[in-house]
Amino acid sequence: MNTTLYFLRSSEQKILSDILPYAMRLDQHAMSLSDVPQLSVYETFYGYTSKDLGLYALADNQLAGAAWIRRLNADHGANGYIDDNTPILTMAVLPQYRGMGIGSLMLEQLMIEASALYEAISLGIVADSPALRFYERHGFTLHPNALNAKSFTDGSEVVTLIKRLEKGEIKRPGDGYDPRRWMD
């Protein structure tokens with residue numbers, strides 16, 4: 001399988017709309033984005049400010065997943081919120097592409113990109129989610145001061161994880177990064 005990463009641009013809002021239901025487990029509850037209007041903060045007007053950064057993966061030219069971060073504020077009521085300077089991660093791999101390393105590929109590249117801009121990223125995740133172990137393997141830890149929250153979809157307990165980033169420089173294909181994995 002040939003997997004390629006692309007920057008997620010503001011003009012690609014449909015990708016966010018296609019992936020967000022999987023990121024928020026709506027598919028597991030037979031719900032759509034219109035059923036949970038609170039989720040719009042994770043996607044509405046994505047890319048219109050420099051606070052947004054994301055990418056998506058194509059596997060054999062088919063959308064396989066996406067990962068993006070947004071700096072939100074307390075008024076947004078987003079799960080995973082820590083402070084106004086820590087962006088919140090939203091990420092999902094479509095079910096037919098899970099277990100193939102695409103999630104790790106996306107997350108690792110997004111963390112490289114984010115490290116040039118931020119000191120940390122956070123996310124809210126259902127406490128009993130199998131994806132919790134995925135994030136822990138990538139260095140996310142339970143945030144000690146985060147308030148317990150509830151899932152917008154089913155009221156399950158949501159915990160906040162944080163990943164401290166080492167300040168880095170963005171690597172592009174011309175800087176020795178494998179261009180088969182990342183396209184501008």
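As the structure is a computational prediction, the values presented were derived from the model and not from experiment. (Residues numbered from 1 in each chain as written. Predicted model: local features only at pLDDT ≥ 70, side-chain atom pairs only at ≥ 80, totals over all residues. Heavy atoms only, no water.)

Chemist: Any chance you could break down the overall build of the protein chain for me, citing the residues and the numbers?
Modeler: Counting secondary structure elements, the protein chain contains three helices and nine strands. N-terminal to C-terminal, the α/β element order of the protein chain is β-α-β-β-β-α-β-α-β-β-β-β. Considering the protein chain as a whole, with its 184 residues, one finds that 46% of them fall into the buried category. Residue pairs at least 24 apart in sequence account for 68% of intrachain contacts in the protein chain once pairs closer than 6 positions are excluded. For the protein chain, the computed accessible surface area is about 9400 Å², with 48% contributed by carbon and sulfur atoms. (Helix = DSSP H or I, 4+ residues; strand = E, 2+ residues; numbered from the N terminus. Buried < 20%, exposed > 50% of the residue type's maximum accessible area, 1.4 Å probe, protein only. Contact = heavy atoms within 4.5 Å. Areas by Shrake-Rupley, 256 points an atom, 1.4 Å probe, with all protein chains shown as cover.)

Chemist: Any details on the pairing of strand β1 (residues 3-7)? Residues and values, ideally.
Modeler: By the criterion of burial, β1 is predominantly enclosed, with four of the five residues buried. When β1 meets strand β2 (residues 53-59), the two strands line up antiparallel, connected through five bridges. If you follow T3 over to β2, its bridge partner there is A59. (Pairing = 2+ DSSP bridges.)

Chemist: Any details on the side chain of E43? Residues and values, ideally.
Modeler: Within the secondary structure, E43 sits in the loop between α1 (13-23) and β2. Of the side chains bearing the opposite charge, R70 lies closest to the buried E43, which forms no salt bridge; the N-O distance is 7.9 Å. Once residues lying within four places of it in the same chain are set aside, the contact partners of E43 are Q13, L16, S17, L20, L33 and R70. (Lys, Arg positive; Asp, Glu negative; His and termini not counted. Salt bridge = Lys/Arg side-chain N within 4 Å of Asp/Glu carboxyl O.)

Chemist: Give a description of the layout of surface pockets that names residues and reports values.
Modeler: The space that makes up the largest pocket amounts to roughly 860 Å³. Elements that contribute at least two residues to the lining of the largest pocket include exactly α1, β4 (88-93), α2 (102-115), β5 (120-126) and α3 (131-137). Its residues assigned to classes, the lining of the largest pocket shows 22 nonpolar, 11 polar and five charged. Space inside the second largest pocket adds up to approximately 220 Å³. If you go around the second largest pocket, you meet 13 residues; those closest to its centre are K51, R70, R71, L72 and H76. (1 Å grid on protein atoms, 1.4 Å probe; cavity = no way out; pocket = protein on both sides within 12 Å on 5 of 7 lines; lining within 4 Å. Points joined across faces, edges and corners; volume = space filled by probe spheres on them. Nonpolar A, V, L, I, M, F, W, Y, C, P; charged D, E, K, R; others polar.)

Chemist: Explain the nonpolar core to me, using residue names and the numbers behind them.
Modeler: In terms of nonpolar packing, the biggest core is built from 51 residues, with L89, M106, Y135 and F140 touching the most fellow members. Elements with a minimum of two residues in this core: α1, β2, β3 (62-70), β4, α2, β5, α3 and β8 (157-164). If you tally residues by element for this core, the top one is α2, at seven residues. Dropping the residues within four chain positions of it, Y135 is found in contact with L89, M91, L107, L123, I125, F140 and L161. (Core = buried A, V, L, I, M, F, W, Y, C linked by side-chain atoms within 4.5 Å.)

Chemist: Lay out the packing of aromatic side chains in plain terms, naming residues and giving numbers.
Modeler: All told, the structure shown has four aromatic pairs when counted by the stated rule. Each ring, one from F134 and one from Y135, has its centre 5.1 Å from the other, and the planes form 80°; the classification is edge-to-face. Comparing F134 with Y135 shows no difference in burial state: the two are buried. For the pair Y135 and F140, a centre-to-centre distance of 5.5 Å together with 80° between the ring planes defines the contact as edge-to-face. The class for F140 is buried, based on a relative accessible area of 2%. (Phe/Tyr/Trp six-rings, centres within 6.5 Å; stacked < 30°, edge-to-face > 60°.)

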